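Report on the structure
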Protein chains: 4
Amino acid sequence: MSRGVLSSYCKQGSFAMVCSRTMASKTAVGFVGLGNMGNPMAKNLLKHGYPIVAFDVFPEACKEILDSGAQITDSPADVAERADRVITMLPSSPNAIEVYTGANGILKKVKKGSLLIDSSTIDPAISKELARASEKAGAVFMDAPVSGGVGAARSGNLTFMVGGVEQEFDAAKELLSCMGANVVYCGEVGTGQAAKICNNMLLAIGMIGTAETMNLGIRLGLDPKLLAKILNMSSGRCWSSDTYNPVPGVMEGVPSSNNYQGGFGTTLMAKDLGLAQDSATNTKTPTPLGSLAHQIYRIMCAKGYSQKDFSAVFQFLREEENL
Amino acid sequence: MSRGVLSSYCKQGSFAMVCSRTMASKTAVGFVGLGNMGNPMAKNLLKHGYPIVAFDVFPEACKEILDSGAQITDSPADVAERADRVITMLPSSPNAIEVYTGANGILKKVKKGSLLIDSSTIDPAISKELARASEKAGAVFMDAPVSGGVGAARSGNLTFMVGGVEQEFDAAKELLSCMGANVVYCGEVGTGQAAKICNNMLLAIGMIGTAETMNLGIRLGLDPKLLAKILNMSSGRCWSSDTYNPVPGVMEGVPSSNNYQGGFGTTLMAKDLGLAQDSATNTKTPTPLGSLAHQIYRIMCAKGYSQKDFSAVFQFLREEENL
Amino acid sequence: MSRGVLSSYCKQGSFAMVCSRTMASKTAVGFVGLGNMGNPMAKNLLKHGYPIVAFDVFPEACKEILDSGAQITDSPADVAERADRVITMLPSSPNAIEVYTGANGILKKVKKGSLLIDSSTIDPAISKELARASEKAGAVFMDAPVSGGVGAARSGNLTFMVGGVEQEFDAAKELLSCMGANVVYCGEVGTGQAAKICNNMLLAIGMIGTAETMNLGIRLGLDPKLLAKILNMSSGRCWSSDTYNPVPGVMEGVPSSNNYQGGFGTTLMAKDLGLAQDSATNTKTPTPLGSLAHQIYRIMCAKGYSQKDFSAVFQFLREEENL
Amino acid sequence: MSRGVLSSYCKQGSFAMVCSRTMASKTAVGFVGLGNMGNPMAKNLLKHGYPIVAFDVFPEACKEILDSGAQITDSPADVAERADRVITMLPSSPNAIEVYTGANGILKKVKKGSLLIDSSTIDPAISKELARASEKAGAVFMDAPVSGGVGAARSGNLTFMVGGVEQEFDAAKELLSCMGANVVYCGEVGTGQAAKICNNMLLAIGMIGTAETMNLGIRLGLDPKLLAKILNMSSGRCWSSDTYNPVPGVMEGVPSSNNYQGGFGTTLMAKDLGLAQDSATNTKTPTPLGSLAHQIYRIMCAKGYSQKDFSAVFQFLREEENL
């Protein structure tokens, strides 16, 4: 049984509700946010036999999931009224605040003992605020951002990084494992976000570093494939050099070999790096390379690279050929 | 038989000399520079049965190798006079220039057709100049910098990155494989240096990035071991996170768990990053993260971290506890 | 007469109140936040004949102003109840949010038509939110952050950068000119903050740049006074080189000649640069040097420079002498 | 009479030559390097009555000065044979090395006691080497790089920063003041270069900082002219904000108001910042902002800004309008 943060609502008699939620399977699950990621995620829940009660601010986003058998409601509040487990997948912090605490937000009609799982990538400080607000409303909030992109969302191979009360992790995992291959418990509320933005900050640093290094090596006369091979057997090795090399022609099946189409967009990376910087500023943590990586992706967005995969930083740094 | 750059001296009748060099085994090998690296390297050649003719500007550096059976001479020129294969292991570009082209330098008495292998880590542009000067003197120059440090030098497990005329690579490998486990051909003269400094630039970026990321995650409430585990199964993975983690207590047997003693010193990393920056400036290659990494190690040297392992950047970025 | 944002409360009959506020002089002025800056500012208002109704969360902070003749209240709400012009001077965004919108905040009891002037340095996005909340409560909010520090606060020589409805600027200026020598109208709400953080970001960049440049020049053999003179007659000239030089001995009467005591603390500069970064991230503006300047001051705070003047970056970058 | 470095050649009987050089006016002056800068500089010497003996590696570059009455020679050595005062104005360090120490270089035929003044902007370490080589040949070398650009070269309003033996400064000034309005003595050989690159490093930092700040302010709602005014009366003030503002429309008569035509090209700024980085690396001086400024101009060169004035960094950082 949960302690601490949860003890208040247990004392208020919500014990039965908690039990019914965690024991009963295949009761309705709420889903708010049916974009590129949310849509396939919700479908995977449907496939696993969970009835879905859904909402999206854009009615057309609901069409596909409606056809798949989901019920559509008029607001996040209505979702929370009809399902005691709700998953949210939203583009940014302000959207999450609105969906949870707005006039028609989840917390307006949430049932006592409900489990609220936010898979948006947002500022961990906001996650903590939403958890406090949820607790006041008698519900449990967990943050569970994902890595893996649209492809992994479709195939049910996302990785979920989960923050929140440990006693609720199993209940969350029951749902999340329908949508992802890895569900990792990270610690208290906000640590799922923390793990996500930490990973993406290091990813961005490694990618820009790999792009700089490959570019420098090529200009010094090294063959790019040979350089990648040397790095990958040495201490310069990283995911961006050995799995997602940004230089066209070094690897097959990665965005760099497809004109930087697909993959993880520069604008999304810039957003995640912005969150990392917000968190670093809030905690007074120096992150010189993380900060410069943010600036570089910010400049790339301003210069027309928004929609390209984030490995296009190699293209950005390379001399243009027809000057 | 060699072509191109070598054709000139072949025409001048050095063919016999080249043959004697590449065919005869176990004739004397010259060695200039008997420091922390050069000493164990020369000993490994002795162990493999090669007579050694050695020189170091500090007489005391020669004592150990003298006791092991090497012959000591008065100058690099004298070394080159007595051996047609010479290996040099020197601390910096000016030393290499002096040892090769100085008043008592190798090129003053080098035999036609000699093979000169420089294992120093220096500016690739200097390697190219030394190669040109060697060619004028009728000798072949190759750059073959190492990775692996003093421990690998002792155990014969260095990695050599070799640049120079491909036809001479086998001759070089015969000697280098006595001192190293990997001998990688990188391309024309200077590309060995290029591969070395490219690797170390990306290594520095990955290390600082890992230190920032671990520090940020810890301040956001993540357990450092758990964070390392998450990164290492995700796209943030790099050598510094999974093999040489800079946070004390995350891994055993690495400098971070031994107060940053041993390993690869901050001052050496700063030197290699300086070479990377020189090369980037010469080739007009933008390297924003590599450049900032250089600056950070430069500041660390100014603030008392010179002798610590380069993973001490975690300590440098972390808030001091007793302020 | 005011239009737009103010028209709503005018229609509601607050015209008389506005008139009484802007015409009547020497009616009570509220003051919330009596720290190092607020205390001398409030005293200057007293000296100009304005009765003061004050509050600070630390009772001892009120003692001095109480002895000078001010009235002390129990909460920001009480201040707003007794004065229709209120000035706030608070350390950070969360404090400002609490003082305005908290349970005992100004907006709980603010009179219709009141003028609320916030001289705190906070995120301009927060200023805009407070302005919206104030407007809902029938009051006018202006942001008016200062430059000049404690000395200028005492001597009444602060510079105020004011954002808000232009029609209210004269009313604000009447009070602010009692505390400052310059009162500059910057535009709509939030632009006062914007001007402040823009100035301080460029100031930080100029200061670190000057410190780097002076350090480099000294190491290249230049006399620091001569170098400063050359820069100041050339295009390298900036406030940090010609008015506040960070090198000890170059100028008199600046913190660098007093062991970096006094002046503008590194921790305050780090805070302002954090606000600049938040604003840059929110508006997706690339600020590579501003971002790196933030990181450098952040590292300095972690390394024991918090309480020193921000020109101590020269000391931070200089090689320590006794390593 | 000169001491130290000069005493050797004085003892060798060059006293008469020194006297003839420093006393006699209007004897021939040598000039090597007749590019965009050298040409108008040499013409100003002609205007002041000095016969000119000139050389440029491109014959067509000599045409204009030949028509103006100068004598053209076949090599730098020939220039030095006919004139005991020689001025050089060359694009980069390798050119300077060739012109002084090459097979047909100045030092091959230089007269004892000659005064050699190099106005190129090169690495101060190279200046010191050229000074040593000149001293061996019995001549005096001074470095005297300029600031001011082609316009100032034409109007004779350059600033010269002069390094070298102080006793020779008056002799140098006699010539330099025909071409410049300011001739500043900086210290021993190399300090002229040091002063130049220090100034330009701080200039670049100030310019990028101003561009970032103006861009951020505009996005936060400030009028650019007003923001410039506020900065210029505050501590953010610098040459780039008050004399050469990079935002179109803020000032008249600057490149930003002329589509960044004219002025000081981005590629030249990148070159000077490269020299600053070389010097910083050689002297182990941390210059984090200077280093990042170098990288930013390097990226701009790669992205098509080479020929624009260096204030175009504002354009580079600003969001493109038609994405």
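Structure report, in brief. In this text, all values refer to a predicted model and were calculated from it rather than measured experimentally.

Counting secondary structure elements, chain A contains 15 helices and 9 strands. For a compact globule of 323 residues, the expected C-alpha radius of gyration is about 20 Å, and chain A comes in at 21 Å, within 12% of that figure. With the C-alpha coordinates of chain A rotated into their principal frame, the extents come out at 70 × 45 × 35 Å. Among the 323 residues that make up chain A, the fraction classed as buried is 64%. In chain A, the share of contacts with a sequence separation of at least 24, taken over all contacts with a separation of at least 6, comes to 64%. On chain A, the mean spot of the 29 positive side-chain charges and the mean spot of the 29 negative ones are 3 Å from each other.

Time to look at the packing of aromatic side chains. Tallied over the full model, the rule gives 28 aromatic pairs over all chains. Of the aromatic side chains, those joined through ring pairs into one cluster are Trp239, Tyr244, Phe264, Tyr297 and Phe310 of chain A. A cation over an aromatic ring shows up here: Lys26 of chain B above the ring of Tyr50 of chain B, its NZ or CZ 4.6 Å from the ring centre.

Here we take up the pairing of strand S5 (residues 115-118) of chain C. Residues and elements named next belong to chain C. The alternating pattern of S5 places Leu115 and Ile117 and Leu116 and Asp118 on opposite faces, both of which are buried. Pairing between strand S4 (residues 85-88) and S5: 4 bridges, direction parallel. Bridge pairing in S5 links Ile87 to Ile117. In the sheet, S5 pairs with strand S6 (residues 140-143) via 4 bridges, with the strands oriented parallel. Looking at S6, one finds that Ile117 is bridged to Met142. Taken together, S5, helix H7 (residues 124-136) and S6 constitute a β-α-β crossover, and its handedness is right-handed.

According to the stated counting rule, one finds 5 cavities of 30 Å³ or more in the structure shown. When its volume is computed, the largest cavity comes out at roughly 110 Å³. Lining the largest cavity are 19 residues, with Gly206, Arg237 and Cys238 of chain A together with Gly206 and Cys238 of chain B positioned closest to its centre. Those elements that place two or more of their residues in the lining of the largest cavity are helix H10 (191-219) and helix H12 (239-242) of chain A together with helix H10 (191-219) and helix H12 (239-242) of chain B.

Cut-off values and rules
- The residue numbers shown here count from 1 along each chain, following its written sequence.
- To read the labels, note that chains go from A and ligands from 1, taken in the order they are written.
- Local features are withheld for residues below a pLDDT of 70 in this predicted model, meaning they are given only at 70 or higher, and side-chain atom pairs are given and counted only at 80 or more; totals for whole chains, interfaces and linings count all residues.
- Side-chain numbers come from the whole structure's heavy atoms, not from hydrogens or water.
- Helix and strand assignments come from DSSP, with helices taken as H or I runs of at least 4 residues and strands as E runs of at least 2, each series counted from the N terminus.
- Just to be clear, the radius of gyration here is over C-alpha atoms, and the globule rule we use is 2.2 Å times residues to the power 0.38.
- Any residue under 20% of the maximum accessible area for its type is buried, any over 50% is exposed, and the rest in between are partly exposed; the area is computed with a 1.4 Å probe on protein chains only.
- Residue contacts are defined here by distance: any two heavy atoms, one from each residue, within 4.5 Å place the two residues in contact.
- When charges are tallied, Lys and Arg are placed among the positive residues and Asp and Glu among the negative ones, while His and the ends of the chain are skipped.
- Charge placement uses NZ in Lys and CZ in Arg. For Asp and Glu, CG and CD serve respectively.
- Ring geometry is summarised as follows: Phe, Tyr and Trp rings, the Trp one being its six-membered ring, pair when their centres sit within 6.5 Å, and such pairs are stacked at plane angles under 30 degrees, edge-to-face over 60 and tilted between the two.
- Only lysine NZ and arginine CZ atoms are considered, and such an atom sits over a ring when it is within 6 Å of the ring centre and within 35 degrees of the ring normal.
- Here, a strand pair is defined by DSSP locating no fewer than two bridges between the strands.
- Handedness is read with the strands pointing away from the viewer; a crossover is right-handed when the path from the first strand over the helix to the second is clockwise.
- Of the two site types, the cavity is a set of points on a 1 Å grid over the protein atoms alone where a 1.4 Å probe fits but cannot get out, and the pocket is an open set with protein on both sides within 12 Å along at least five of seven lines, each lined by residues with an atom within 4 Å of a point.
- Grid points are joined across faces, edges and corners, and a volume is the space filled by probe spheres set on the points.

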